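Below, each chain spelled out in residue letters.
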Amino acid sequence: MIQRSKVDKQRTRKLDRRNVLLGLGGLYGAANLIGVANEPFSLGAPVPPPDLSSCSSSSLPDGSPVPFTCCLPLPKDLSNIPTYKLPNVSKVTIRPSAHNVTREYITKYSTAIQKMKSLDKDDPLNFMQQANIHCAYCNTGYKELGFPGVPLQVHFSCLFFPFHRWYLYFFERILGSLIGDDTFALPFWNYDSQVGMQLPSLYNVVNSPLYDPNRNQNHFPPNVVNLGFTTIDLNASD
Ligand SMILES: [Cu+2]
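Being a predicted model, the structure only gives us computed values, none of them experimental. (Residues numbered from 1 in each chain as written. Predicted model: local features only at pLDDT ≥ 70, side-chain atom pairs only at ≥ 80, totals over all residues. Heavy atoms only, no water.)

Colleague: What is the right way to look at the overall build of the chain in this model?
Modeller: Tallying secondary structure elements over the chain gives 6 helices and 3 strands in all. Ordered by position from the N terminus, the helices and strands of the chain form the series α-α-α-β-α-α-β-β-α. For the chain, buried positions account for 31% of its 238 residues. Put simply, of all contacts in the chain between residues at least 6 apart along the chain, 63% involve residues at least 24 apart. Of the accessible surface of the chain, which amounts to about 16,000 Å², a share of 59% is contributed by carbon and sulfur atoms. (Helix = DSSP H or I, 4+ residues; strand = E, 2+ residues; numbered from the N terminus. Buried < 20%, exposed > 50% of the residue type's maximum accessible area, 1.4 Å probe, protein only. Contact = heavy atoms within 4.5 Å. Areas by Shrake-Rupley, 256 points an atom, 1.4 Å probe, with all protein chains shown as cover.)

Shown next as structure tokens:
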């Protein structure tokens, strides 16, 4: 995983501070501006979008390659991607805490996930394709647009919250559309509550669409989840 500072160094062209000051006023500054029209003035330059045509193999946090491709299906015309318009919202939806959901809610949520998993595997709304979004954007599947040597990484930068918010927003809306309920809301993990400090049990029912056999059973109840866990199980009993 590439450190942000290293990426910034690669992305940000060196610009003499004096040129910035001169560029803010005066004729010499104006001429200077022409010469640097495409150069960033600020070291806080925004992270460019992904170059969608650059997708290649992604890598895991330890640097080893992801053993499958996360590359996402692309629209036919990359130059004409419509801007998403927020729908009119007439009712605020409320996310329930995962440890406290009703049986009715679990049925609804499970049905939506099952439908998502049953879509054609190449369908962008398919469960695996949705997982691939995180893999491609968070495991350096893309390069930054205009910087072919810089892998895009939405963690460790100001992109973290916006990216994950829109990611969950669309995931939630897709699930709602699959069950014809535009008020559907994902559950949230209420770790602030003592009874919510364990992995929510709705995810550990074998044969449920919410179940994943790859989850480490050492972290399920009765164990309390260790928020400091960083991919290496030093103490299997928690
Ligand atoms: Cu992420």
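Okay, back to it.
Colleague: Would you mind going over helix H4 (residues 103-118) with me for this structure?
Modeller: Three or four residues apart is the spacing at which side chains of an α-helix point the same way, because the helix has 3.6 residues per turn. End to end, H4 covers 22 Å across 16 residues, agreeing with the expected 22 Å (1.5 Å per residue, within 8%). Tyr105, Tyr109, Ser110, Ala112, Ile113 and Met116 are the residues of H4 that are buried. Down the axis of H4, the sector holding all buried residues measures 160°, keeping them to one side. H4 presents Arg103, Glu104 and Ser118 as exposed residues on the side facing more than 90 degrees away from its buried surface. As for H4, its buried residues are in contact with helix H5 (127-138) and helix H6 (160-178). (Expected span 1.5 Å × (residues − 1). Arc of directions from axis to C-beta.)

Colleague: Would you explain the sheet that holds strand S3 (residues 147-151) in this entry?
Modeller: Each strand in a sheet pairs with its neighbour through backbone hydrogen bonds, running either in the same direction (parallel) or in the opposite one (antiparallel). Spatially, 3 strands are ordered S1-S2-S3 in an open sheet, and the strand pairing comes out antiparallel. A strand with exactly one partner marks an edge of an open sheet, and here the two such strands are strand S1 (50-51) and S3. (Pairing = 2+ DSSP bridges.)

Colleague: Help me understand the pairing of S3 in this model?
Modeller: The side chains of a regular strand alternate between the sheet's two faces. Strand direction decides the pairing type here: strand S2 (residues 143-144) and S3, joined by 2 bridges, are antiparallel. Bridge pairing in S3 places Lys143 opposite Pro151.

Colleague: What is the right way to read the UniProt feature "domain: Tyrosinase copper-binding" (unreviewed entry) in the chain from this model?
Modeller: Per the UniProt annotation, the sites labelled "domain: Tyrosinase copper-binding" (unreviewed entry) are residues 155-172. Measuring from the first to the last C-alpha atom of residues 155-172 gives 21 Å, for a span that is 72% helix and 0% strand. (UniProt positions renumbered as here; feature names shortened; annotations may be inferred.)

Colleague: How should I be thinking about the pattern of salt bridges in this particular structure?
Modeller: Pairs can form between side chains of opposite charge once their charged atoms are near each other. Taken as a whole and judged by the stated rule, the model has 3 salt bridges. Between Arg95 and Glu172 there is a salt bridge; the shortest N-O distance is 2.8 Å. You can see Arg95 sitting in the loop between S1 and H4 and its partner Glu172 sitting in helix H6, a full 77 residues away along the chain. When the shortest N-O distance is used, the salt bridge between Asp181 and Lys108 registers 2.7 Å. Residue Asp181 is located in the segment after H6, and its partner Lys108 is located in helix H4; the two are separated by 73 residues in the primary sequence. Looking at Asp181, the relative accessible area reads 14%, which means it is buried. Lys108 sits in the partly exposed class, given a relative accessible area of 34%. (Salt bridge = Lys/Arg side-chain N within 4 Å of Asp/Glu carboxyl O.)

Colleague: What exactly am I supposed to notice about a nonpolar patch on the surface here?
Modeller: Judged by side-chain polarity, Leu74, Leu78 and Ile81 come together as a nonpolar surface patch covering roughly 240 Å² of accessible area. Accessibility expressed as a relative area gives 41% for Leu74, which makes it partly exposed. (Patch = residues over 30% accessible without salt bridge, like charges linked within 9 Å, V, L, I, M, F, W, Y side chains within 5 Å.)

Colleague: Would you mind going over the coordination of the copper ion with me for this structure?
Modeller: Ideal geometry at a metal centre gives angles of 109.5 degrees when four donors are arranged tetrahedrally and 90 or 180 degrees when six donors are arranged octahedrally. Coordination of the copper ion by the protein involves His134 (NE2), His155 (NE2) and His164 (NE2), with metal-donor separations of 2.0 Å. The sequence pattern describing where the donors of the copper ion fall on their chain is H-x20-H-x8-H. With His134 in helix H5 and His155 in the loop between S3 and H6, the pair connects residues that are 21 residues apart, well separated along the chain. (Donors = N, O, S within 2.8 Å, 3.2 Å for Na, K, Ca; no water.)

Colleague: Just to check I follow, could you spell out the packing of aromatic side chains for this structure?
Modeller: Two descriptors summarise a pair of aromatic rings, namely the distance from one centre to the other and the angle between the planes of the rings. Under the counting rule described, the total for this entry stands at 15 aromatic pairs. Aromatic pair Tyr105 and Tyr109: ring centres 5.8 Å apart, planes at 45°, arrangement tilted. Taken together, the residues span about one helical turn, with Tyr105 and Tyr109 both in helix H4 at a distance of 4 residues. The pair formed by Tyr105 and Tyr109 is uniform in burial state, with each residue classed as buried. Ring centres 6.0 Å apart and planes at 80° place the aromatic pair Trp189 and Tyr191 in the edge-to-face group. Here Trp189 falls in the partly exposed class, since its relative accessible area comes to 37%. (Phe/Tyr/Trp six-rings, centres within 6.5 Å; stacked < 30°, edge-to-face > 60°.)

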